[in-house]
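# Fold and geometry: a report
One-letter residues, chain by chain:
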Amino acid sequence: DTIPALIGDSSSAVAIKKIYQAKKRTKNKPIALLVSDTKLIKNYAILNEESEKIFQQSTKTISIILPQKQKNNLAPNINQNDNSISIRIPKDKFLIELISKFGRALAATSVNISDKELLTDTNLIKKEFADSVDYIEPITNLNTASTIIKQGSTNFQIVRSGSVSLSEIKKIKK
């Protein structure tokens, strides 16, 4: 619902390995989660009231880096760098329904070779990834990438600018 992505089962070490291999991504770079609602977030991460409010009230896509729960049912190879995880609730109704029916988070990362330009053309994606993924959905629209913020104990830090500005985040927090 933002930019083209590779997605897979967040609880499957095989799926996560496949994503890392397809992107030629180093294992110290984390992969984000897509969830259907804040209730599902709580299965994977520690969600404070401020972050929950931002997820519930933002009309645009925002990812929040949260502390991971110790027991979270994620594949052990999804985030080997630290004890946090980036989580986003999509705005796309089809994607939310898919995640809800799946019953757990989807791992998601941009469609590109690590540290290379994002691919936004279906034909280029097929050329690069046809042999390493199971399915390629034709791109029908492109949106701005989500803003990524990191939840701190007393404040937020913007990690990547995207569809939500800092002033919009501050308005929600009030």
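For the structure given in this document, a descriptive report is provided here. Source: prediction; values computed, not measured.

## Thoughts on a nonpolar patch on the surface
Nonpolar side chains collect at one region of the surface, where Ile7, Phe94 and Leu98 lie side by side and expose about 310 Å² of accessible area between them. Tracing the chain through its elements places Phe94 in helix α4 (residues 93–102). On the accessibility criterion, Phe94 (61% relative accessible area) is exposed.

## Brief notes about the sheet that holds strand β2 (residues 32–34)
Strand order in the open sheet formed by seven strands is β1-β5-β2-β4-β3-β6-β7, with mixed pairing between adjacent strands. Looking along the sheet, the strands with just one partner apiece sit at the ends: β1 (5–9) and β7 (156–160). Taken pair by pair, the neighbouring strands of this sheet meet at an average axis angle of 35°, ignoring direction. Relative to strand β5 (residues 106–110), β2 is paired through three bridges, and the arrangement is antiparallel. Pairing of Leu34 across the sheet is with Leu106, part of β5.

## Observations regarding the side chain of Ser36
Mapped onto the elements, Ser36 comes out in the loop between β2 and α2 (38–41). Residue classification places Ser36 among the buried positions, given a relative accessible area of 11%. Residues in contact with Ser36, not counting those within four places in the same chain, are Ile89, Ile96, Ile99 and Ser100.

## Re unusual backbone geometry
Positive phi is not limited to glycine here, since Asn73 has a value of about 65°. If you trace the backbone, Asn73 turns up in the loop between β3 (62–67) and β4 (84–88). Within the chain, Asp115 stands out as a residue other than glycine whose phi angle is a positive 70°.

## Overview of the nonpolar core
Most often, soluble globular proteins keep nonpolar side chains buried together rather than apart. Membership of the largest hydrophobic core comes to 42 residues, with the highest contact counts inside it found for Ile41, Phe55 and Ile87. Per element, the largest residue contribution to this core is four residues, and it comes from helix α1 (residues 13–23). Apart from residues lying up to four places away in sequence, Ile87 is in contact with Leu33, Val35, Ile41, Tyr44, Ala45, Phe55, Ile62, Ser63, Ile64 and Leu66.

## Some points on helix α3 (residues 49–57)
Those residues of α3 that sit buried are Ser51, Glu52, Ile54 and Phe55. Angular distribution of buried residues about the axis of α3 spans 160°; they occupy a single face of the element. Residues of α3 that are exposed and point over 90 degrees away from its buried face: Glu49 and Gln56. Its side-chain oxygen at 3.2 Å from the backbone nitrogen of Glu50, Asn48 defines the N-terminal cap of α3.

## Focus on the side chain of Asp9
Its place among the elements puts Asp9 in strand β1. Within the local environment of Asp9, its side chain forms a polar contact with the side chain of Arg104, the two groups lying 3.0 Å apart. The contacts of Asp9, once residues within four sequence positions are left out, are Ala15, Ile16, Phe102 and Arg104.

## Here we look at the environment of Ala5
Within the element layout of this structure, Ala5 appears in strand β1. Note on Ala5: relative accessible area 40%, which makes it partly exposed. Remark: the alpha-carbon pair of Ala5 and Ala108, spanning 103 residues in sequence, is separated by 6.1 Å. Discounting residues that sit within four places of it in the chain, Ala5 has contacts with Thr109, Ser110 and Val111.

What counts and what doesn't
Residues numbered from 1 in each chain as written. Predicted model: local features only at pLDDT ≥ 70, side-chain atom pairs only at ≥ 80, totals over all residues. Heavy atoms only, no water. Patch = residues over 30% accessible without salt bridge, like charges linked within 9 Å, V, L, I, M, F, W, Y side chains within 5 Å. Areas by Shrake-Rupley, 256 points an atom, 1.4 Å probe, with all protein chains shown as cover. Salt bridge = Lys/Arg side-chain N within 4 Å of Asp/Glu carboxyl O. Helix = DSSP H or I, 4+ residues; strand = E, 2+ residues; numbered from the N terminus. Buried < 20%, exposed > 50% of the residue type's maximum accessible area, 1.4 Å probe, protein only. Pairing = 2+ DSSP bridges. Axes fitted to C-alpha atoms, helices over the stretch in contact; angles between N-to-C directions. Contact = heavy atoms within 4.5 Å. Core = buried A, V, L, I, M, F, W, Y, C linked by side-chain atoms within 4.5 Å. Arc of directions from axis to C-beta. Polar contact = N/O pair within 3.5 Å; in protein donor to acceptor, adjacent residues only side chain to side chain.

Keep in mind these values describe shape, not function.
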